[in-house]
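Residue-level structural notes
Residue strings, one per chain:
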Amino acid sequence: VVVGVYLLVAVLLGMYWSIAPDQFDVREKAAAMAAEEGGNVVTGSVTTATAIGVMETLLDKPGGFLYNDRMPPGVWLDNMPNWEYGALIQVRDLFRAMREVHSRSQSQSTEDPDLALAEPRFNFNAGSWILPASESEYRSGLKYVRSYFRRLSDTDAHDAQFYARSDNLRYWLATVESRLGSLSYRLGASVGERRINIDLAGEQAATQSTDTPAEKVVQTPWMEIDDIFFEARGTTWALLHFLKAVEVDFAEVLENKNALVSLRQIIRELEGTQKTIWSPMILNGTGFGILANHSLVMASYISRANAAIIDLRDLLSQG
């Protein structure tokens, strides 16, 4: 009886922990943090606060960070841990961009000391359970990012900066473009198909390490289809917040390049990825079959968003 009650409670708790967190308002998050630190909302405040908010959500949501759990019910779950991993990848990419370009005026300038200490901590192994646990490393990284935010929001200090320039934005968007392209490819592989090898297309003299077949069959294993789907859903959840923050901090750059509408279209496409899933499981029907294929639907939203990001990067590169 005790074992039965324990298993029932674990199952119900696992269902509760598997509910994805709601989105938060990026402007309100920045304003609340600035008021808490006694500073002002300046250029970069919204992006920094949003990155902190996304990471805090991963750590403080019901069940906490589940990716490294080794005990029930966390060890039984796979949808939420993959959702967390997708969001974590976007956090890592953004903090790398903040450390390398957003906080530096040029390539020869020094990096911000707090971001230099924070960024490696967010790249710590997400599956580490103990000695140290992933959560402890991520919370340590958040302390340094909060220190950066505190210095950034202090208008009397000048040792922390966030440079909202078009080349900086293009740097980060290039990484986003690569991530979404990979996700779209993996989602599309939910239906097995033969694909022509285009690894060396476009350059006659290009070479690669070993020869590969001219055609290959690409198909995601059946047990991994929902894992990739929820990784994509977590990725787009985090990316939605970051793009809304970019809309605020890079507003003048986007307006000057006549690219604000393009950014809003990307946000609109990604919002479609967060619609309610009414099916009790992720279906894997064929492209025009009787059953739906949720992976192909997700890939459609992500592919359109990725195409719009490519166009946005082109706009930002123009004078």
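Residues numbered from 1 in each chain as written. Predicted model: local features only at pLDDT ≥ 70, side-chain atom pairs only at ≥ 80, totals over all residues. Heavy atoms only, no water.

What about the overall build of the protein?
The cut-off we apply is this: Going along the chain from the N terminus, every DSSP run of H or I of four or more residues is numbered as a helix, and every run of E of two or more is numbered as a strand. Note on method: radius of gyration uses C-alpha positions; expected globular size equals 2.2 Å times residues raised to 0.38. Note on exposure labels: buried denotes an accessible area under 20% of the residue type's maximum, exposed denotes more than 50%, and partly exposed covers the range between, all computed with a 1.4 Å probe on protein chains only. Note on contacts: a residue pair is in contact if any heavy atoms of the two residues lie within 4.5 Å. Note on areas: these come from Shrake-Rupley sampling with a 1.4 Å probe, and a residue is covered only by the protein chains present in the view. In this tally, Lys and Arg are treated as positive and Asp and Glu as negative; His is ignored, and so are the chain termini. Where a charge lies is defined by one atom per residue type, namely NZ (Lys), CZ (Arg), CG (Asp) and CD (Glu).
Each helix and strand counted, the protein has 11 helices and 2 strands in total. The C-alpha radius of gyration of the protein comes to 21 Å, within 12% of the 20 Å expected for a compact globule of 319 residues. Across the 319 residues in the protein, those meeting the buried criterion constitute 47%. Put simply, 75% of the contacts in the protein that link residues at least 6 apart link residues at least 24 apart. Working note: accessible area of the protein is about 16,300 Å², and carbon and sulfur atoms make up 54% of it. Taking the average place of the 29 positive charges on the side chains of the protein and the average place of its 40 negative ones, the gap between the two points comes to 1 Å.

Concerning the packing of helix α2 (residues 26–37) against helix α3 (residues 45–60)
Here is the rule we go by: Every angle, taken between N-to-C directions, lies between 0 and 180 degrees, and every axis is a line fitted to C-alpha atoms, over only the stretch in contact when it is a helix. For classification, angles of less than 35 degrees are called roughly parallel, those exceeding 145 degrees roughly antiparallel, those between 65 and 115 degrees roughly perpendicular, and all remaining angles oblique. Polar here means any residue other than Ala, Val, Leu, Ile, Met, Phe, Trp, Tyr, Cys and Pro, which are nonpolar, and Asp, Glu, Lys and Arg, which are charged; Gly is therefore polar.
In the contact formed by α2 and α3, the axes pass within 8 Å of each other and the chain directions differ by 100°. As far as their axial angle goes, α3 and α2 are roughly perpendicular. Facing Val-26, Lys-29, Ala-30 and Met-33 of α2, the residues of α3 in contact are Ser-45, Val-46, Ala-49, Thr-50, Ile-52, Gly-53 and Glu-56. Its residues placed into classes, the contact of α2 with α3 shows 6 nonpolar, 3 polar and 2 charged.

Thoughts on unusual backbone geometry
With omega at 0°, the peptide bond leading from Pro-72 into Pro-73 counts as cis. For Pro-73, the position within the fold is in the loop between α3 and α4 (79–102). Note that the residue after Leu-131, namely Pro-132, is joined by a cis bond; omega there is -10°. Tracing the backbone through its elements, the reader meets Pro-132 in the loop between α5 (113–122) and α6 (134–153). With a phi close to 55°, Leu-131 is a non-glycine residue in the positive phi region. Following the sequence through the fold, Leu-131 ends up in the loop between α5 and α6. With phi around 55°, Asn-258 is a residue other than glycine that occupies positive phi space. Tracing the sequence through the fold places Asn-258 in the loop between α9 (251–256) and α10 (260–271).

So, the nonpolar core
Rules: In plain words, nonpolar cores are sets of buried Ala, Val, Leu, Ile, Met, Phe, Trp, Tyr and Cys residues tied together by side-chain atoms within 4.5 Å.
Core analysis: the largest hydrophobic core is formed by 76 residues, its most contacted members being Met-55, Trp-172, Leu-243 and Leu-254. Ranked by residues supplied to this core, first place goes to helix α8 (residues 225–249) with 13 residues. Discounting residues that sit within four places of it in the chain, Leu-243 has contacts with Trp-172, Leu-173, Leu-263, Ile-266, Ile-267 and Leu-270.

A few points about α5
Rule in force here: Identification of polar contacts relies on pairs of N or O atoms within 3.5 Å, with a donor-acceptor requirement for protein atoms, meaning one able to donate a hydrogen and the other able to accept it, and with residues adjacent in sequence counted only if both atoms are side-chain atoms.
Every buried residue of α5 is listed here: Asp-114, Leu-115, Ala-116, Ala-118, Glu-119 and Phe-122. Those residues of α5 that are buried are in contact with α3, α4 and α6. The N-capping residue of α5, defined by a side-chain oxygen 3.0 Å from the backbone nitrogen of Asp-114, is Asp-112.

Overview of the packing of α3 against α4
Under the convention used in this document: Throughout, a crossing is termed right-handed when the near helix is turned clockwise from the far one, and left-handed when it is turned anticlockwise from it by less than a right angle.
At a minimum axis distance of 10 Å, the contact between α3 and α4 shows a crossing angle of 150°. By the angle class used here, α3 and α4 are roughly antiparallel. Our pair here, α3 against α4, has a crossing hand that is left-handed. Residues Thr-47, Thr-48, Ala-51, Val-54, Met-55 and Leu-58 of α3 touch α4, and the partners they reach there are Trp-83, Glu-84, Ala-87, Leu-88, Val-91, Leu-94, Phe-95 and Met-98. Of the residues belonging to the contact of α3 with α4, the class tally is 11 nonpolar, 2 polar and 1 charged.

Concerning a nonpolar patch on the surface
To keep things clear, this is the line we draw: In this scheme, patches are assembled from residues that exceed 30% relative accessible area and form no salt bridge. Like charges are connected within 9 Å, while nonpolar side chains (Val, Leu, Ile, Met, Phe, Trp, Tyr) are connected within 5 Å. We count a salt bridge whenever a side-chain nitrogen from Lys or Arg sits within 4 Å of a carboxyl oxygen from Asp or Glu.
Residues Val-3, Tyr-6, Leu-7, Leu-8, Val-11, Leu-12, Met-15, Val-75 and Trp-76 make up a contiguous nonpolar surface patch of roughly 890 Å² in combined accessible area. Residue placement: Met-15 occurs in helix α1 (residues 2–17).

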